[in-house]
Amino acid sequence: MTNTTTAGSTIVQYSHGQDGDFYVPGEIVLTQNASGLGGNPIMAEDQARKRELRLQKNREAARECRRKKKEYIKCLENRVAVLENQNKALIDELKSLKELYCQQKAE
DNA sequence: ATCGCCCAACGTCACACTTC
DNA sequence: GAAGTGTGACGTTGGGCGAT
């Protein structure tokens, strides 16, 4: 599976490998940032490298964030199931206690 | 076969919050 | 206060599935 995403003026491609996703960087487009650095190619390259690093970290952070969210939702669903069972049991108990009470009252 | 719709997963951006 | 981190919002993609 491959994916291509356009974000602003950059093109990002990624694919699913055996060990998860691997990143295939597209052409790095240097816009006004490069000229803002006085056109220094080393500084621009450094900026681009920093940006790639930040994007990669954020990509992993987003994955982890989604994983945690899914886990949290599963936890909540489990809790709902447990509470529903408890509620059912308490209703049953109340019902039998009421019946017992009515029987004793009739005697 | 293909079209349209829905869903899950993804990457990126923006922004709030935390850490140093 | 700058750098790092977590997360909501958004747009994109591919796969599944029913209708035609």
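It should be emphasised that the depicted structure is a prediction, and the values quoted were computed from it without experimental measurement.

Colleague: Is there a simple way to explain the UniProt feature "coiled-coil region" (unreviewed entry) in chain A in this structure?
Modeller: With numbering aligned to this structure, UniProt lists the feature "coiled-coil region" (unreviewed entry) at residues 66–100. Overall, residues 66–100 shows 100% helix and 0% strand. The separation of its end C-alpha atoms is 51 Å.

Colleague: Would you explain the pattern of salt bridges in this entry?
Modeller: Two side chains with opposite charge may pair up if their charged atoms get near one another. Considering all chains together, one arrives at four salt bridges under this definition. We note a salt bridge from lysine 50 to aspartate 46, for which the minimum N-O separation is 3.8 Å. In this pair, lysine 50 and aspartate 46 both sit in helix H2 (residues 41–106), four residues apart, roughly one turn of the helix. Residue classification places lysine 50 among the exposed residues on the basis of a relative accessible area of 51%. On the basis of relative accessibility, which here comes to 24%, the residue aspartate 46 falls in the partly exposed class. Measuring nitrogen to oxygen at the nearest pair gives 3.0 Å for the salt bridge that ties arginine 67 to glutamate 71. Of this pair, arginine 67 and glutamate 71 both sit in helix H2, four residues apart, which is roughly one turn of that helix. Each of Asp46, Arg49 and Lys50 takes part in salt bridges that share partners, so that together they form one network.

Analysis parameters
Residues numbered from 1 in each chain as written. Chains lettered and ligands numbered in written order. Predicted model: local features only at pLDDT ≥ 70, side-chain atom pairs only at ≥ 80, totals over all residues. Heavy atoms only, no water. UniProt positions renumbered as here; feature names shortened; annotations may be inferred. Helix = DSSP H or I, 4+ residues; strand = E, 2+ residues; numbered from the N terminus. Salt bridge = Lys/Arg side-chain N within 4 Å of Asp/Glu carboxyl O. Buried < 20%, exposed > 50% of the residue type's maximum accessible area, 1.4 Å probe, protein only.

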